[in-house]
Amino acid sequence: MSTSKPQRSPSEIEDIILRKILYVTLADSATDPRVVYLEMTAAEILSEGKPLLLSRDLMERVLIDRLSGNNNFPSSSAAEPPFPYLIGCYRRAYDESKKIQSMKDKNLRSEMETVTRDARRLAVSYCRIHLANPELFGGSDDARKAKKRRNVGSGSLDMFGGGGGSSGGVQSPPGFLDEFFKDSDFDNLDLILKELYEDLRSSVINVSVLGDFQPPLRALKYLVSLPVGAKSLVSHEWWVPRGAYMNGRAMELTSILGPFFHISALPDNTLFKSQPDVGQQCFSGASERRPADLLSSFSTIKNFMNILYSGLHDVLMILLKSTDTRECVLQFLSEVINANASRAHIQVDPVSCASSGMFCNLSAVMLRLCEPFLDPHFTKRDKIDPKYAFAGHRLKLSDLTALHASSEEVSEWIDKGNTAKANDAGNGNESRLLQSKEATSSSSSSQQNAKSTTKYTFICECFFMTARVLNLGLLKALSDFKHLSQDISRGEDNLATLKAMRDQAPSPQLELDITRMEKELELYSQEKLCHEAQILRDGDFIQRAISFYRLVIVWLVGLVGGFKMPLPSACPMEFSCMPEHFVEDAMELLIFASRIPKALDGVLLDDFMNFIIMFMASPEYIRNPYLRAKMVEVLNCWMPRSSGSSATSTLFEGHQLSLEYLVRNLLKLYVDIEFTGSHTQFYDKFNIRHNIAELLEYLWQVPSHRNAWRRIAKEEEKGVYLNFLNFLVNDSIFLLDESLNKILEIKQIEAEMSNTAEWEQRPAQERQDRTRLFHSQENIVRIDMKLANEDVTMLAFTSEEITAPFLLPEMVERVANMLNYFLLQLVGPQRKSLSLKDPEKYEFRPRQLLKQIVRIYVNLARGDSENIFPSAISSDGRSYNEQLFDAGADVLRRIGEDGRIIQEFMELGTKAKAAASEAMDAEAALGEIPDEFLDPIQCTLMRDPVILPSSKTTVDRAIIQRHLLSDNHDPFNRAHLTSDMLIPDIELKARIDEFVRTHQSKKRSSGEDSSNKERIQTTSSDMLID
């Protein structure tokens, strides 16, 4: 007969369960090394006459003895620190509560559930006590602090992040966190939470995006999701660190969120370098790695960065949703922005400014915060108040360069607005007192802001903060990327030069220089690829930024009345005073995005196109000519390389504002850019006009734009179009002249280097200097010749259909002189000296250039109904020679030019020769001309004398108007002068006309004619080549 198991009493079952939960025993019979025998506690219980069984009544007493180590149990048994032990107790209590569910006895099951519930509650309670007072459970102060940091801090990374980490810390049992933060007042948890935040901050300091940042980020997100956690965070003294020496970098390092925002793929200064080194780990020796490896690195970095962006966005969004913490978040953001204002400078001090990584991350997070009001139609843009930019509410924007207004005008307008507002409120005296205090004390500004009654919506504040963060973050990083690319390009050129010099004259110093340059280029390459990985390869990041700047553009246009032309005659002060970087950043981003494959896919560009057309030729709205030139650079990036060949072609060929105003405004900007006010304006204009010329050449191929061009040339024949032609001719002459002179210098150095024996006898330093000069001149020739080709091409295709402006009195001689000069260079005695081994290398195409020059001659001759062009050609005493036309025709035949063109060119030469003969006869007939009839600038007979109103000097109208095309000042005293200010000298003109009429009626002897002809200086025939 079988015997049944003896039934355990409820007390015995309770004892077994608690022993499993607490890992303690009151009897010295434990075989599990994790179970601690509480000998002293057992003796005390026996002395009290109680059984040695664990119970609910003894639970807290036993737990305290276990934690405090009062029983002197072996150290091996007490190896588990208090925090992990308590978490373990909670977990075991949770496991036991699951097992209890299988008990059949309902009363016993209910009683044991109470036991496990009390055990969990007790574990949570003592976790709180331990975290707030770690010294309660033994050890020296230093040991206690170290133990808390090691065991509480590291464990909390996963515990308060909801688990899933790989750091080996304590995992949160189910339900623990809910109970930990439940029914506990703020004061009890505040110290715990603040130290947890400090632990989390410390765990990510100097951690790169390849480091283990995700567990701390999860922990941070969880803690702020709790009302008590959010309140504790924003009340932490390190939420917005204060101090006399606080700057942008210090705020990044010491604030709670700063180290999280510092996590990045972008390299930082060596003093603050993060680990692992992203550049070294992902991009070392990139030139020798497989493309697939690089793509894998790009993808990894992009994914990790988006995890970081999402986490930080969630943290800020949680805090912003609560009215209790929203102000603190906005305060933190504004303090970070204001402390890093100097990041906008060209040179950024890495010790006083936060890292690029932090501000790129902040840019990405702010863009995500803007998403709710970046809908396609921007339906919430009316909530953006332009007065925020000048109120000084949080951000210091009024000191920034404005779109048009000067700093004095901005200040005056703000003061006027403040005065009006104060008068309306009936407390003008108090407002003036506050303004006076603000001017004398920086600390009072924050008090004034705090007391400000003006309330701005979150959309408004988020808009302006995002614009400022992008300027200091994303756009600054893009600028750094551009400079890196330029440094790499220059470095590669220098390296090639050094290697060429080594091949000619090896030396130990050259080897050292080459090695150093290769190492620098490797570091530059790594840094560039890090920028590419975090920014340029993140299409979502770029498109969010473009969407934001579309809102900026639409909102700015709303300040001037919307997308319509022409613009109001007076620029509204709200627009005029807006920070210039709002527009500049939008243009810079579009330029970068246009060069990234697929970055603009699906992006609505019409609003940007409208804005550019409206403002690129409006200096009364946007003062900075370089900013308006940047708009042309954007259009140049969008320009289809052949008509209708790209998605952007509709912006040019089917866009209403484009068809009506684009050509006109490009021509106007071409003229305006002559005078930028910069000390480098002379050289800057060539690069800007290069972009304009490319656009104009493309637009000429579009019939609707060509028609608009012809209409403008007719309407503005003596206005902007005449100025455009004048500068086009000026640039063509300068660029070609510079290029041809540099070619002669290059040929001279080439000859020196080809004489090997003599070259190697020269000092090494001299050879290096000459080699550097050679490469420098090559680059200059290549650029100048390319620009000259563009200008001549534009003269050629426009003169085919538009000739009248070329033949105006103030322009025709200038054009003829230019063409004669080009013809002399291409077929005259210097032609052979300009021969190059590889002319294409320098963009020098003499055959094509000659054909274009001749076509301009022919085009103008065809449109010359009054036969004034031949006279202008022959009056050029510098370059004209009748035999140049014969020499040119010979060359044209050899290079296969159209016979009809050659015939018309020869006929023009014949007309010019006849005109020269007539001019000599006319000059001979006039004889000695009185000085009062001569123009003081060119010493030629005046035909239409005018008086200059300021200097009272009399000059010929055509000559002074030609001068005014390039310079609107009186040449005699530099006073302002325009064509409509000229005063006709009627009396002098009558005398000149009478003088000419009288002398022309006299007969001249043949000897006098012959003598006078010799006074015409021309190039002698023996100078010409076949």
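Residues numbered from 1 in each chain as written. Predicted model: local features only at pLDDT ≥ 70, side-chain atom pairs only at ≥ 80, totals over all residues. Heavy atoms only, no water.

The name given to the chain in an unreviewed UniProt entry is RING-type E3 ubiquitin transferase, and the organism recorded there is Brassica napus. The UniProt entry for the chain carries the following text under Catalytic activity (unreviewed entry): "S-ubiquitinyl-[E2 ubiquitin-conjugating enzyme]-L-cysteine + [acceptor protein]-L-lysine = [E2 ubiquitin-conjugating enzyme]-L-cysteine + N(6)-ubiquitinyl-[acceptor protein]-L-lysine." (UniProt positions renumbered as here; feature names shortened; annotations may be inferred.)

Draft legend 1. How the structure looks around the overall build of the chain. A count of helices and strands for the chain gives 43 helices and five strands. Taken over 1026 residues, the chain has a buried fraction of 49%. Contacts in the chain between residues at least 24 apart in sequence constitute 75% of all its contacts with a sequence separation of at least 6. When the accessible surface of the chain is totalled, it reaches about 47700 Å², and 50% of it is carbon and sulfur. (Helix = DSSP H or I, 4+ residues; strand = E, 2+ residues; numbered from the N terminus. Buried < 20%, exposed > 50% of the residue type's maximum accessible area, 1.4 Å probe, protein only. Contact = heavy atoms within 4.5 Å. Areas by Shrake-Rupley, 256 points an atom, 1.4 Å probe, with all protein chains shown as cover.)

Draft legend 2. Focus on unusual backbone geometry. Of note, the amide linkage connecting Q275 to P276 takes the cis form, showing an omega dihedral of -5°. Positionally, P276 belongs in the loop between α12 (258–262) and α13 (278–283). Backbone torsion omega between M565 and P566 reads 0°, so that peptide bond is classified as cis. Along the chain, P566 turns up in the loop between α24 (539–558) and α25 (573–576). Phi is positive for Y23, close to 55°, though the residue is something other than glycine. Since its relative accessible area comes to 14%, Y23 is described here as buried. At C939, a residue that is not glycine, the phi angle is positive and equals roughly 55°. Summarising the element assignment, C939 is placed in the loop between α40 (899–926) and β3 (945–947).

Draft legend 3. The arrangement of the sheet that holds β3 in detail. Strand order in the open sheet formed by three strands is β4-β3-β5, and the pairing between neighbours is antiparallel. Pairing within the sheet leaves two strands with one partner each, and these edge strands are β4 (954–956) and β5 (983–984). Direction of pairing for β3 relative to β5: antiparallel, over a ladder of two bridges. Considered in β5, the bridge of I947 is made with I983. The strands touched by helix α41 (residues 957–964) are β3, β4 and β5; relative to β4, the strand with the most contacts, the crossing angle is about 85°. (Pairing = 2+ DSSP bridges. Axes fitted to C-alpha atoms, helices over the stretch in contact; angles between N-to-C directions.)

Draft legend 4. Focus on the UniProt feature "coiled-coil region" (unreviewed entry) in the chain. UniProt records the feature "coiled-coil region" (unreviewed entry) for residues 507–534 in the present numbering. Across residues 507–534, the secondary structure splits into 96% helix and 0% strand, with the terminal C-alpha atoms separated by 41 Å.

Draft legend 5. Looking closely at the side chain of D864. Along the polypeptide, D864 turns up in the loop between α37 (846–862) and α38 (869–874). No salt bridge is formed by the buried D864. Its closest oppositely charged neighbour is K911, at 6.7 Å. (Lys, Arg positive; Asp, Glu negative; His and termini not counted. Salt bridge = Lys/Arg side-chain N within 4 Å of Asp/Glu carboxyl O.)

Draft legend 6. Examining helix α31 (residues 681–700) more closely. The end-to-end C-alpha distance of α31, which contains 20 residues, comes to 27 Å, matching closely the 28 Å that a straight helix rising 1.5 Å per residue would cover. For α31, a buried count of 14 out of 20 residues is recorded, marking the element as mostly surrounded by other parts of the structure. (Expected span 1.5 Å × (residues − 1).)

Draft legend 7. View of helix α27 (residues 606–615). Within α27, nine of the ten residues are buried, leaving the element largely enclosed by the surrounding structure. On the buried face of α27, the contacting elements are α24, α25, α26 (581–594), α28 (625–638), α29 (649–653) and α30 (656–672).

Draft legend 8. The packing of helix α4 (residues 82–100) against helix α5 (residues 106–132), seen in detail. Taken N-terminus to C-terminus, the directions of α4 and α5 make an angle of 165°; their axes are 9 Å apart at the nearest point. Classified by the interaxial angle, the pair formed by α4 and α5 is roughly antiparallel. Note on packing geometry: the crossing formed by α4 with α5 is left-handed. Contact residues: α4 offers P82, F83, L86, I87, C89, Y90, A93, Y94, E96, S97 and I100, while α5 offers R109, M112, E113, T116, A119, R120, A123, V124, Y126, C127, H130 and L131. Classifying every residue of the contact of α4 with α5 gives 16 nonpolar, three polar and four charged. (Parallel < 35°, antiparallel > 145°, perpendicular 65-115°, else oblique. Left-handed = near helix turned anticlockwise from the far one by under 90°. Nonpolar A, V, L, I, M, F, W, Y, C, P; charged D, E, K, R; others polar.)

Draft legend 9. Spatial organisation of a negative patch on the surface. A contiguous patch of negative charge, built from E408, E409, E412 and D415, is present on the exposed surface. Residue placement: E408 occurs in helix α18 (residues 407–425). (Patch = residues over 30% accessible without salt bridge, like charges linked within 9 Å, V, L, I, M, F, W, Y side chains within 5 Å. Charge placed at Lys NZ, Arg CZ, Asp CG, Glu CD.)

Draft legend 10. Fine view of the nonpolar core. Ranked by internal contacts, the top residues of the largest apolar core, which has 289 residues, are F464, F615, W638, F652, W709 and F724. The greatest single-element share of this core, amounting to 15 residues, is contributed by helix α33 (residues 720–754). Of the residues that make up this core, three or more belong to each of domain 1 (9–142 + 169–184) and domain 2 (717–926). Among residues more than four places away in sequence, those in contact with F724 are L667, Y670, V671, L696, W709 and M794. (Core = buried A, V, L, I, M, F, W, Y, C linked by side-chain atoms within 4.5 Å. Domains from an automatic or database assignment.)

Draft legend 11. The pattern of salt bridges, seen in detail. If you walk through the whole model with that rule in mind, you get 49 salt bridges. Between E48 and R61 there is a salt bridge, with its nearest N and O atoms 3.1 Å apart. Taken together, the residues span a long stretch of sequence, with E48 in the loop between α2 (39–47) and α3 (56–68) and R61 in helix α3 at a distance of 13 residues. Here R61 falls in the partly exposed class, since its relative accessible area comes to 25%. When the shortest N-O distance is used, the salt bridge between D277 and K273 registers 3.3 Å. When its relative accessible area of 35% is taken as the criterion, K273 is described as partly exposed. One network of salt bridges, in which partners are shared, links E44, E48, K50 and R61.

Draft legend 12. Focus on the packing of helix α22 (residues 474–504) against α26. It is at 10 Å that the axes of α22 and α26 come closest, and there the two elements cross at 50°. Relative to α26, the element α22 lies oblique. The crossing of α22 and α26 is left-handed. Side by side, α22 and α26 meet where L474, L475, L478, F481 and K482 of the first sit next to D585, E588, L589 and F592 of the second. Of the residues contributing to the contact of α22 with α26, the split by class is six nonpolar, no polar and three charged.

Draft legend 13. Structural detail: the packing of aromatic side chains. Going through the model one piece at a time under the given rule, you end up with 36 aromatic pairs. Ring centres of Y388 and Y456 lie 5.0 Å apart, and the angle between their planes is 90°; on these two criteria the pair is classed as edge-to-face. Taken together, the residues Y388 in helix α17 (residues 388–391) and Y456 in the loop between α20 (443–451) and α21 (458–472) connect sequence positions 68 residues apart. The two residues Y388 and Y456 agree in class, both being buried. Each ring, one from F933 and one from F995, has its centre 5.4 Å from the other, and the planes form 65°; the classification is edge-to-face. Taken together, the residues span a long stretch of sequence, with F933 in the loop between α40 and β3 and F995 in helix α42 (residues 986–1000) at a distance of 62 residues. Site record: aromatic cluster; members linked through ring pairs are Y388, Y456, F463, F464, F548, Y549, W555 and F582. Stacked on the ring of Y85, the Lys or Arg R66 has its end atom at 4.1 Å from the ring centre. For R92, the ring lying beneath its charged end belongs to Y23, and the centroid distance is 3.7 Å. (Phe/Tyr/Trp six-rings, centres within 6.5 Å; stacked < 30°, edge-to-face > 60°. Lys NZ or Arg CZ within 6 Å of the ring centre and 35° of its normal.)

Draft legend 14. Spotlight on the confidence of the model for the chain. Residue-level pLDDT values for the chain average 84, and 88% of them are 70 or greater. Taken element by element, the chain is modelled with least confidence in α20, mean pLDDT 40, and with most confidence in helix α16 (residues 356–370), mean pLDDT 97. Residue range residues 139–157 is modelled with pLDDT below 50. Its contacts to residues more than four positions away, or to other chains, number 35 contacts. Overall, residues 1003–1026 carries pLDDT values under 50, and its contacts beyond four positions in sequence, including any with other chains, amount to 34 contacts. (pLDDT = per-residue confidence, 0-100.)

Draft legend 15. Representation of the environment of F774 within the structure. Examined against the element boundaries, F774 turns out to sit in helix α35 (residues 764–799). Sequence separation between F774 and E745 is 29 residues; the distance between their C-alpha atoms is 8.3 Å. Beyond its immediate stretch of four places on either side in the chain, F774 contacts I746, I749, E750 and Y842.

Draft legend 16. Fine view of the environment of L988. On the secondary structure map, L988 appears in helix α42. L988 gets classed as buried once you look at its relative accessible area, which sits at 6%. Through-space distance from the C-alpha of L988 to that of R943 is 9.9 Å; in sequence the pair is 45 residues apart. Dropping the residues within four chain positions of it, L988 is found in contact with E932, F933, M942, P945 and T954.

Draft legend 17. Highlighting the environment of R772. Within the secondary structure layout, R772 lies in helix α35. A relative accessible area of 41% places R772 in the partly exposed class. Once the C-alpha coordinates of R772 and T497 are considered, the two residues, 275 residues apart in sequence, prove to be 7.3 Å apart. Beyond its immediate sequence surroundings of up to four residues, R772 is in contact with T497, L498 and M501.

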